[in-house]
Structure formats: structure tokens, C-alpha cells
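If you want the building blocks of each chain, they are given just below.
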Amino acid sequence: MKLNWGILGYGKIAKVFEDSFKDISSSQLFSIASNSKILKAKLKNNVIQTYTSYEELLKNKIIDIVYIAKIGRAHVW
């Protein structure tokens, strides 16, 4: 079973974190929440679910782990 990850925020650190999933077989990036126009354009045709509201992502019961990449600090919740 793969762990489904969500990311809150889509800044520089979140982009690096997103790239790390390419080499991990036990986890997958499932969703990202951000109001960033860059995110919307980049992931327009991608399988990763996107949200414009952090609360929406947190309510998704399919997500097992949330990485918070906001305000200069990153946290796992």
C-alpha cells in the first residue's frame, strides 16, 4: 500500500519535495493545495489533485500525510 501525501503551499521547498517522489515506491504525491497560478498551469493535465483551499485538502480522507510548506518553514502533519 502506498502512502498518499498532500502538500500545503507551493513554493520553492514544496517543488523540491514534489520531485523527491520520483524515487520513492512506498509513497506518492496525491494532492497539492495552493492559490498559485504557477501550480495551476504546471499541473493542469497531471494526475495530482489540486485545491485552492487548504481546508479542502485536509478534508480529503484519501490523504495519509500532509507536508506543510508555508511561511518559510516546512512541517509534516
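As the structure is a prediction and not an experimental result, all values here were calculated from the model. (Residues numbered from 1 in each chain as written. Predicted model: local features only at pLDDT ≥ 70, side-chain atom pairs only at ≥ 80, totals over all residues. Heavy atoms only, no water.)

Asker: Looking at this structure, I do not really get the side chain of Asn 4. What am I missing?
Answerer: Mapped onto the elements of the fold, Asn 4 is located in strand β1 (residues 3-8). Note on Asn 4: relative accessible area 10%, which makes it buried. Each residue touching Asn 4, except ones within four places of it in the same chain, is listed here: Gln 28, Phe 30, Ile 62, Ile 63, Asp 64 and Ile 65. (Helix = DSSP H or I, 4+ residues; strand = E, 2+ residues; numbered from the N terminus. Buried < 20%, exposed > 50% of the residue type's maximum accessible area, 1.4 Å probe, protein only. Contact = heavy atoms within 4.5 Å.)

Asker: What should I look at first to understand the pattern of salt bridges in this one?
Answerer: Once their charged atoms are close, side chains differing in charge can pair, the charge on each being opposite to the other. Inspection of the entire model under this criterion finds one salt bridge. Across the pair Lys 22 and Asp 19 runs a salt bridge whose closest N-O atoms are separated by 3.7 Å. For Asp 19, a relative accessible area of 38% gives the class partly exposed. (Salt bridge = Lys/Arg side-chain N within 4 Å of Asp/Glu carboxyl O.)

Asker: Explanation requested: the side chain of Ser 31 in the structure shown.
Answerer: Mapped onto the secondary structure, Ser 31 falls in strand β2 (residues 27-33). Reaching out from Ser 31, the side chain makes a polar contact with the backbone oxygen of Gln 49 at a distance of 3.0 Å. Residues within four places of Ser 31 in sequence aside, it is in contact with Trp 5, Gly 6, Ile 7, Ile 48, Gln 49, Thr 50, Tyr 51, Leu 57 and Ile 63. (Polar contact = N/O pair within 3.5 Å; in protein donor to acceptor, adjacent residues only side chain to side chain.)

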